[in-house]
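Notes for the structure review
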Amino acid sequence: MSKMTDSMAKVTKRILVEIINYPGAMQSAVHGMQEFLLLANKQTQVDDSPEFVPAISELPDLSATDADIVVLPPNMGGEYFLHPEQALLDYLLDAHAKGAVICSVCAGAFVLAQTGLLRGRTITTHWQLEQQIARCHPDVNIDINKIVIDDVDIITAGGLMSWMDLCFALVTRYANAQDTRQLGKYLVVDTGVRDQRYYQSFSPNYSHGDDKIALVQRHIQASYNDPLDIDTLATLACMTSRTFIRHFSKATGLTPIHYIQRVRIQKACEWLESSAKSVEHISYLVGYEDVNSFRKVFVKAIGLTPSAFRSRFVATQSDA
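Just so it is clear, the structure is predicted and the values come from calculations on it, not from any experiment.

The predicted coordinates should not be examined in detail at positions where pLDDT is low. Overall, the prediction assigns the protein chain a mean pLDDT of 91, with 92% of residues at 70 or greater. Counted against residues more than four places away or in other chains, residues 1-12, with its pLDDT under 50, gives 0 contacts.

A separate point is empty space enclosed by the protein. Tallied over the full model, the rule gives 1 cavity of 30 Å³ or more. The biggest single contributor to the lining of the largest cavity is helix H11 (residues 256-274), with 4 residues. Looking at the lining of the largest cavity, its residues break down into 5 nonpolar, 3 polar and 1 charged.

What follows concerns the packing of helix H2 (residues 27-44) against helix H7 (residues 177-187). Axis separation between H2 and H7 bottoms out at 10 Å; the angle between their running directions is 110°. The orientation of H2 with respect to H7, classified from their angle, is roughly perpendicular. The handedness of the crossing between H2 and H7 is right-handed. Contacts between H2 and H7 pair Phe36, Leu39, Ala40, Gln43 and Thr44 from the former with Asp179, Leu183, Tyr186 and Leu187 from the latter. Class assignment for the residues of the contact of H2 with H7 results in 6 nonpolar, 2 polar and 1 charged.

Time to look at unusual backbone geometry. One non-glycine residue, cysteine 106, lies in the positive phi region at around 55°. Relative to the assigned elements, cysteine 106 resides in the loop between strand E4 (101-105) and helix H4 (108-113). Residue classification places cysteine 106 among the buried positions, given a relative accessible area of 4%. One non-glycine residue, cysteine 238, lies in positive phi territory at about 60°. Relative to the assigned elements, cysteine 238 resides in the loop between helix H9 (230-236) and helix H10 (241-252).

Take the layout of surface pockets next. The computed volume of the largest pocket comes to approximately 910 Å³. Lining the largest pocket are 32 residues, with Glu130, Gln131, Phe202, Leu254 and Arg262 sitting closest to its centre. Tallied by class, the residues present in the lining of the largest pocket amount to 13 nonpolar, 13 polar and 6 charged. Its volume calculated, the second largest pocket comes out at about 360 Å³. Taken together, 16 residues form the lining of the second largest pocket, with Asp165, Phe168, Thr191, Gly192 and Val193 sitting closest to its centre.

Tallied over the full model, the rule gives 14 aromatic pairs. With 5.4 Å between their ring centres and 80° between their planes, phenylalanine 202 and tyrosine 259 make a pair best called edge-to-face. Of this pair, phenylalanine 202 sits in the loop between H7 and helix H8 (211-222) while tyrosine 259 sits in helix H11, and the two are 57 residues apart along the sequence. Residue phenylalanine 202 shares its accessibility class with tyrosine 259, and that shared class is buried. By way of ring pairs, the aromatic residues Tyr198, Tyr199, Tyr288, Phe294, Phe298, Phe309 and Phe313 are connected into one cluster. Sitting over the face of the ring of tyrosine 206, arginine 218 holds its NZ or CZ atom 4.8 Å from the ring centroid.

This next bit is on the pairing of strand E8 (residues 154-157). Alternating positions in E8 separate into two faces, Ile154 and Thr156 on one and Ile155 and Ala157 on the other, with burial throughout. With 4 bridges connecting them, strand E7 (residues 148-151) and E8 associate as antiparallel partners. Paired with aspartate 151 across the strands is isoleucine 154, a residue of E8. Linkage of E7 to E8, two consecutive antiparallel strands, is achieved through a turn of 2 residues, within which valine 152 is found at a positive phi near 70°.

This part is about the sheet that holds E7. Read from one edge to the other, the open sheet built from 6 strands follows the order E2-E1-E3-E4-E8-E7, with strand pairing classed as mixed. Strands with a single pairing partner mark the edges of an open sheet, and in this sheet they are strand E2 (51-58) and E7. Mean inter-strand twist for the sheet, computed between neighbouring axes without regard to direction, equals 15°. Relative to E4, strand E3 (residues 69-72) runs parallel, the two being bridged by 4 bridges. Its bridge partner being in E4, valine 70 is matched across the sheet by isoleucine 102.

So, how was this worked out
- Residues numbered from 1 in each chain as written.
- Predicted model: local features only at pLDDT ≥ 70, side-chain atom pairs only at ≥ 80, totals over all residues.
- Heavy atoms only, no water.
- pLDDT = per-residue confidence, 0-100.
- Contact = heavy atoms within 4.5 Å.
- 1 Å grid on protein atoms, 1.4 Å probe; cavity = no way out; pocket = protein on both sides within 12 Å on 5 of 7 lines; lining within 4 Å.
- Points joined across faces, edges and corners; volume = space filled by probe spheres on them.
- Helix = DSSP H or I, 4+ residues; strand = E, 2+ residues; numbered from the N terminus.
- Nonpolar A, V, L, I, M, F, W, Y, C, P; charged D, E, K, R; others polar.
- Axes fitted to C-alpha atoms, helices over the stretch in contact; angles between N-to-C directions.
- Parallel < 35°, antiparallel > 145°, perpendicular 65-115°, else oblique.
- Left-handed = near helix turned anticlockwise from the far one by under 90°.
- Buried < 20%, exposed > 50% of the residue type's maximum accessible area, 1.4 Å probe, protein only.
- Phe/Tyr/Trp six-rings, centres within 6.5 Å; stacked < 30°, edge-to-face > 60°.
- Lys NZ or Arg CZ within 6 Å of the ring centre and 35° of its normal.
- Pairing = 2+ DSSP bridges.

The structure is reproduced here in structure tokens:
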């Protein structure tokens, strides 16, 4: 009886992870996840840590699965992720119905969204894909600041290399945080909490079709360090202030004030990365007379102080 119990216990510790190698999938992520989880087994085989059993599944060879976890890796080329075959969508739905945790990385979220499983959920994907996925799937909530969002049966990860963050999240869930930290030390990879917004760049969208708002956007881009008020911008667009705010928010997805802040913070990031100018000087250059106000807006947008941002992305220290 005890031998049978031990055998059953070993079976329950095996976590079957299926990595879908769809057309255009990023191969370094597909094979990297497999190797990462195999390495995790060697580093975490203590106490009751599980054994990950990762496998790569090729299309169109999908069949019924008993996987505990199914992963859609990031996309590297082509548009398959925008138009996946129905067989893959049905396969994901069947796996989810059987209790599998479905995961996506970067553009893999587009495939997952087309199953309907993300409807009403909050997910993340690459920050550059935010507007596109919002247009394609307006029933999905997007928190582009997060690198990983664990929603129990659905886990989504952000940028191309966030497959590593996903793997760390799986180790934490199925093993423990101590194993994750130990694995991070072995790999010499930071396992501390971080946000995807650290890495975002603000790129204005001018192709929304509203020429008057695009004119105002270009004015903001050229005069971001000047005082900019709603009434003046509304006059430039030949609108009342109320109408202007409504049109601007619809076209850009941001209120005029928030938009101006994002332009200024993006310029500040560029100064922080490319110069040794002090934070006080940079705040003035981007239109803030009060450096404390600048710091508050910067932290809200980026998640780091200006000095911490500079330390993270610039090799040499500055006088900030």
